[in-house]
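The primary structure of each chain is shown beneath.
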Amino acid sequence: MIMAMQPAEPVPVLSLDTVSVTFGGVRALHNVSFEVLPGEVQCLAGENGSGKSTLIKVITGVYQPLAGARIAYAGRPVETVSPAAARAAGIEVIWQDLALFPEMTVAENIGIRAVLGGLPRRVNHRAMRGAAQTLLARLGADFDVDAPLRSFAIAQRQLVAIARALAGDAKVIFMDEPTSSLTQSETDRLLEIVRTLSAQGIAIVFVSHRLAEVLDISSRVTVLRDGKLVGVYSTEGMTQSHLTELMTGKTFDQSVRARDLPGAPAVLEVAGLSREDDYQDVSLTIRRGETVGLTGLLGAGRTELALSIFGMLRPDRGTIKLDGAVLDLRSNRDAIRAGIGYLSEDRLSLGLIQPQSIADNTVMPVLDRILTRGLISSRKKQLLVARWIEELAIKLGQPTDAISTLSGGNQQRVAIAKWLAVGLKLIILDSPTVGVDVGARAGIFEIVEKLAAEGLAILLISDEVPEVYFNADSVLHMAGGRIIAQYDPRTISLHDLEAAVYA
Ligand code: ADP
Ligand code: MG
């Protein structure tokens, strides 16, 4: 008998087995195994504190594992892992803080090893600049490599960090929560870069909380929980709800909150709304106390639609009515005056932390002006904000503490409290759990429920189907700029809804 030829198994760029790490008696990792195949995009998923960063630090020699661990680079066992050995094997990490040097130029940051390695005089600056430009071009970026890094925004700095990794001839690049401070369009761009690098044969290990992203970008996902390996799964056919269950160890015993609202008057009525290249012929109604979920794949046009209802993107055709009156929204300021609030998917730019995005420069200052001018006095404002902070159970340290000291969930509550102080009829919550740990999300939805009970009309946008399934009265599915279906969570299973959205 002739033996069938087996295709050769690719040699993992990296494999580890029985890795355990303790910190002062606390086990951060227990007997974890992990492997990365050449050119694959793999996600490392797990709740906060599950051990993802610790695992990366073991792989790169920052932390030493307990005796018994086996680690191999490209199939060759490594006795003692060190940062230098990892780098020599082509293992690179883009840390969350990027580990760049703000005062140095872009070119120096990318060529940092040449700068640190050689005597300063022997660094060929021209060659370094040329190399930096070439590496950035590989990422589709073109910016002044002589400018100091501090003049660049976070998304651009991230590209610099990736270029620096490529300068080291990377075989695998770990990205530790790279999208947590990016806007949606910056995230889309990063995911595109990940695909490009993978196509060039570089393996990417992507750490993220965002389930939609994980399922979108990776072919396999390794799940950690409480420092233990839950398993390695193909993302083919994997659903968000299943992945959440694997990460949290909790099954969805949640029940759907959808209910009927007999006699509730329409608050928002959108009819035939279109905007070239963004969305077409959108009609929807949200009634008093109603939560309407809007879901779909990334890039379906949800945020553009939301920005139009919030007066920031002018539609070409169609009408927006609030409490029966047609609105002609020329700016977000008009929308806020009419009683429409918008909580951006990019909470970090809502004037809370990062001083750079559009939302920061437009939304919050307008809100502040409206709060302090005419509408309500600043004393009243403070009382209102204080009331909502209490109502929403926001855990603050000292009132003077920086917002950045709050957890993602609490930052989100502060942002919501600020809106509520204005007095709203409709609030648009665009991906309110982005950056909020899976375990802390329930708290956000308790707030949503409270807002609905107060009579607000709520448009809840999320790319995580279970979120809209469990928390909305009705779910709209948007694809290619159109609303293609409306579902009642009481008459469809979560599984079927996920299958419809991810078909
Ligand atoms: P993740 O990246 O998944 O959020 P980490 O790897 O950072 O998780 O943390 C795993 C566990 O190890 C957590 O309980 C964390 O508190 C603990 N831990 C991480 N680094 C240290 C450290 N340097 N000292 C003490 N405990 C740590
Ligand atoms: Mg981490």
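In this text, all values refer to a predicted model and were calculated from it rather than measured experimentally.

A. Representation of the overall build of the chain within the structure. Secondary structure summary: the chain contains 17 helices and 20 strands in total. Counting over 503 residues, the chain shows a buried share of 52%. In the chain, of all internal contacts separated by at least 6 residues, the share reaching a separation of at least 24 is 68%. Carbon and sulfur atoms make up 51% of the accessible area of the chain, which totals about 22,500 Å².

B. Just the nonpolar core, in detail. Formed by 49 residues in total, the largest nonpolar core has its most connected members in Val106, Ile173, Leu197 and Leu243. A per-element tally of this core places helix 6 (residues 154–167) first, with eight residues. The contact partners of Leu243, leaving out residues within four places of it in the chain, are Leu211, Val214, Leu215, Val221, Val223 and Met238. Among the nonpolar cores identified, the runner-up in size contains 33 residues, and Val282, Ala335, Ile336 and Tyr342 belong to it.

C. Layout of unusual backbone geometry. Residue Asp169 is not a glycine yet carries a positive backbone phi of 55°. Within the fold, Asp169 resides in the loop between helix 6 and strand 7 (172–176). Positive phi values are uncommon outside glycine, yet Glu177 reaches one of about 50°.

D. View of the pattern of salt bridges. Following the criterion strictly, the structure yields 16 salt bridges and no others. The partner of Asp216 in a salt bridge is Arg195, with the nearest N and O atoms 3.3 Å apart. In this pair, Asp216 sits in helix 8 (residues 211–217) while Arg195 sits in helix 7 (residues 184–199), placing the two residues 21 residues apart along the sequence. Bridged by salt links that share partners, the residues Glu192, Arg195 and Asp216 form one connected network.

E. Examining the packing of aromatic side chains more closely. Per the stated rule, a full pass over the model turns up five aromatic pairs. The interplanar angle of 35° and the centroid separation of 5.4 Å between the aromatic rings of Phe310 and Tyr342 together place this pair among those described as tilted. One end of the pair, Phe310, is in the loop between helix 10 (302–309) and strand 14 (317–322); the other, Tyr342, is in strand 16 (residues 340–343), with 32 residues separating them in the sequence. In this structure Phe310 comes out as buried when scored by relative accessible area, which is 0%. Residue class for Tyr342 comes out buried when judged on its relative accessible area of 5%.

F. Fine view of the site of ligand 1. Every residue near ligand 1 is listed here: Phe23, Ala28, Glu47, Asn48, Gly49, Ser50, Gly51, Lys52, Ser53, Thr54 and Tyr63. Note that an oxygen atom of ligand 1 is positioned 2.9 Å from one of the side-chain N or O atoms of Ser53. In the environment of ligand 1, an oxygen atom lies 2.5 Å from a nitrogen or oxygen atom belonging to the side chain of Thr54. For ligand 1, whose accessible area on its own is 560 Å², the fraction buried by protein is 59%.

G. Structural detail: helix 15 (residues 441–453). Taking 1.5 Å as the rise per residue, helix 15 with 13 residues should run 18 Å; its terminal C-alpha atoms sit 19 Å apart, in good agreement. After helix 15 finishes, the residue Gly455 shows a positive phi value of roughly 100°.

H. Layout of the sheet that holds strand 13 (residues 291–295). The strand order 16-17-18-13-19-20 describes an open sheet built from six strands, whose pairing is mixed. On the outer flanks of this sheet lie strand 16 and strand 20 (482–487), each paired with one strand and no other. Direction aside, the axes of adjacent strands within the sheet are offset by 20° on average. The sheet contact formed by strand 17 (residues 426–430) and strand 18 (residues 457–461) spans five bridges and is parallel. In the sheet register, Leu426 faces strand 18, and the bridge partner there is Ala457. Set on the sheet, helix 15 makes contact with strand 13, strand 17 and strand 18; between it and strand 18 the angle comes to about 155°.

Reading the values: the criteria
- Residues numbered from 1 in each chain as written.
- Chains lettered and ligands numbered in written order.
- Predicted model: local features only at pLDDT ≥ 70, side-chain atom pairs only at ≥ 80, totals over all residues.
- Heavy atoms only, no water.
- Helix = DSSP H or I, 4+ residues; strand = E, 2+ residues; numbered from the N terminus.
- Buried < 20%, exposed > 50% of the residue type's maximum accessible area, 1.4 Å probe, protein only.
- Contact = heavy atoms within 4.5 Å.
- Areas by Shrake-Rupley, 256 points an atom, 1.4 Å probe, with all protein chains shown as cover.
- Core = buried A, V, L, I, M, F, W, Y, C linked by side-chain atoms within 4.5 Å.
- Salt bridge = Lys/Arg side-chain N within 4 Å of Asp/Glu carboxyl O.
- Phe/Tyr/Trp six-rings, centres within 6.5 Å; stacked < 30°, edge-to-face > 60°.
- Near = heavy atom within 4 Å.
- Polar contact = N/O pair within 3.5 Å; in protein donor to acceptor, adjacent residues only side chain to side chain.
- Expected span 1.5 Å × (residues − 1).
- Pairing = 2+ DSSP bridges.
- Axes fitted to C-alpha atoms, helices over the stretch in contact; angles between N-to-C directions.

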